[in-house]
Amino acid sequence: MKFLMRDRMFSIGDDHWITTEHGEKAYLVDGKVLRISDTFELKDPHGHTVAVIKKKLVSVRDAMKIERGGETLATVKKKLFTPFRDKYEAQLHDGRELEVHGDFFDHEFDIDEGGHRVARVSRKWFTFRDTYGIDVKDGQDVPLLLCVAVCVDHLQRLEHEHHH
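Residues numbered from 1 in each chain as written. Predicted model: local features only at pLDDT ≥ 70, side-chain atom pairs only at ≥ 80, totals over all residues. Heavy atoms only, no water.

Sorry, what's going on with the packing of aromatic side chains here?
Ring pairs (aromatic) are described by centroid distance and by the angle formed between their planes. Under the counting rule described, the total for this entry stands at three aromatic pairs. Here the aromatic rings of Phe3 and Tyr27 are separated by 6.2 Å at their centres, their planes lie at 50°, and the arrangement is tilted. Placement of the pair is Phe3 in strand E1 (residues 2-6) and Tyr27 in strand E3 (residues 25-29), with a sequence separation of 24 residues. When its relative accessible area of 4% is taken as the criterion, Phe3 is described as buried. What makes Tyr27 buried here is its relative accessible area of 13%. (Phe/Tyr/Trp six-rings, centres within 6.5 Å; stacked < 30°, edge-to-face > 60°. Helix = DSSP H or I, 4+ residues; strand = E, 2+ residues; numbered from the N terminus. Buried < 20%, exposed > 50% of the residue type's maximum accessible area, 1.4 Å probe, protein only.)

Here it is as structure tokens:
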């Protein structure tokens, strides 16, 4: 299932729908919460919060937490010691680990678990400016993977600004 995402999700000040490739409203990004508390809240179409990203970075090394129901669901950070290529990882609270690798600058990257792709991010499927798509495999935790993509987008941007 493909979803249409907007670049720089953290700088959106208005409510914003993440839609499916068919234009159906899938998840709402709550703009007010984002403006007031720098917290990214993802809601389903019924208004239930399905995942939360705290923009406040948690440690010395840039990391972001994804929460659900007040519990930490995953911590996303850059993988250390990966020469030549940037990689990010999402440590899940249940002990699993997702690895994110590819071309972050051009928004062409994969999210893998145990060597198997669970989602792919690409700019190629949609022609809208400042957007990218994420194709999530069936049976996966969609809000979690959307949030991982948002975190990677944000961390990548921060790092880029930091170096220039």
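Alright, that's what it looks like, and here's the rest.
Looking at this structure, how should I read the nonpolar core?
Proteins that are soluble and globular tend to have nonpolar side chains buried together. Among the nonpolar cores identified, the biggest contains 45 residues, and Phe40, Leu42, Ile66, Ile134 and Val148 are the most heavily contacted of them. Top contributing element to this core by residue count: helix H2 (residues 142-163), with eleven residues. Those residues within four positions of Ile134 in sequence are excluded, and the remaining contacts are Met1, Lys2, Phe3, Met5, Ile111, Ala119, Arg120, Val121, Trp125, Leu145, Leu146 and Ala149. (Core = buried A, V, L, I, M, F, W, Y, C linked by side-chain atoms within 4.5 Å. Contact = heavy atoms within 4.5 Å.)

Help me understand the side chain of Glu89 in this model?
In this fold, Glu89 is placed in strand E8 (residues 87-92). Here Glu89 falls in the buried class, since its relative accessible area comes to 9%. Once residues lying within four places of it in the same chain are set aside, the contact partners of Glu89 are Thr75, Val76, Lys77, Lys79, Glu97 and Leu98.

Looking at this structure, how should I read the sheet that holds strand E12 (residues 131-136)?
The strands that make up a sheet pair up through hydrogen bonds in the backbone, lying either parallel or antiparallel. Pairing is antiparallel in the closed barrel, where twelve strands are placed in the order E1-E2-E3-E4-E5-E6-E7-E8-E9-E10-E11-E12. Neighbouring strand axes in the sheet, compared pairwise and without regard to direction, differ in orientation by 20° on average. Taken together, the three bridges between strand E5 (residues 49-54) and strand E6 (residues 63-68) define a ladder with antiparallel strand orientation. Each bridged residue has a counterpart across the sheet, and for Val52 the counterpart in E6 is Glu67. (Pairing = 2+ DSSP bridges. Axes fitted to C-alpha atoms, helices over the stretch in contact; angles between N-to-C directions.)

Looking at this model, I keep getting lost on unusual backbone geometry. Mind explaining?
For residues other than glycine, phi is negative in most cases, and the peptide bonds are mostly trans. The residue His107 is not glycine, and still its phi comes out positive at about 55°. Of note, His107 is situated in the loop between strand E9 (97-103) and strand E10 (108-113). Residue Asp130 is not a glycine yet carries a positive backbone phi of 55°. Among the structural elements, Asp130 can be located in the loop between strand E11 (116-122) and E12. For Asp130, a relative accessible area of 39% gives the class partly exposed.

Can you walk me through the pairing of E10 in this structure?
When E9 meets E10, the two strands line up antiparallel, connected through six bridges. Each bridged residue has a counterpart across the sheet, and for Glu99 the counterpart in E10 is Asp112. Hairpin connection of E9 to E10: four residues between the antiparallel strands, including His107 at a positive phi of 55°. Pairing between E10 and E11: five bridges, direction antiparallel. Bridge pairing in E11 places Asp112 opposite Arg117. Counted between consecutive antiparallel strands, the loop separating E10 from E11 contains two residues, among which Gly114 sits at a positive phi close to 55°.

Explain the environment of Asp30 here, please?
Positionally, Asp30 belongs in the loop between E3 and helix H1 (31-37). Given the relative accessible area of 12%, Asp30 is considered buried. Expressed as a C-alpha distance, the spacing of Asp30 and His116, which sit 86 residues apart in the sequence, is 32 Å. Among residues more than four places away in sequence, those in contact with Asp30 are Asp15, Glu41 and Lys43. At 3.1 Å, the side chain of Asp30 and the backbone nitrogen of Lys32 are in polar contact. Polar side-chain contacts of Asp30 include one of 3.2 Å to the backbone nitrogen of Val33. (Polar contact = N/O pair within 3.5 Å; in protein donor to acceptor, adjacent residues only side chain to side chain.)

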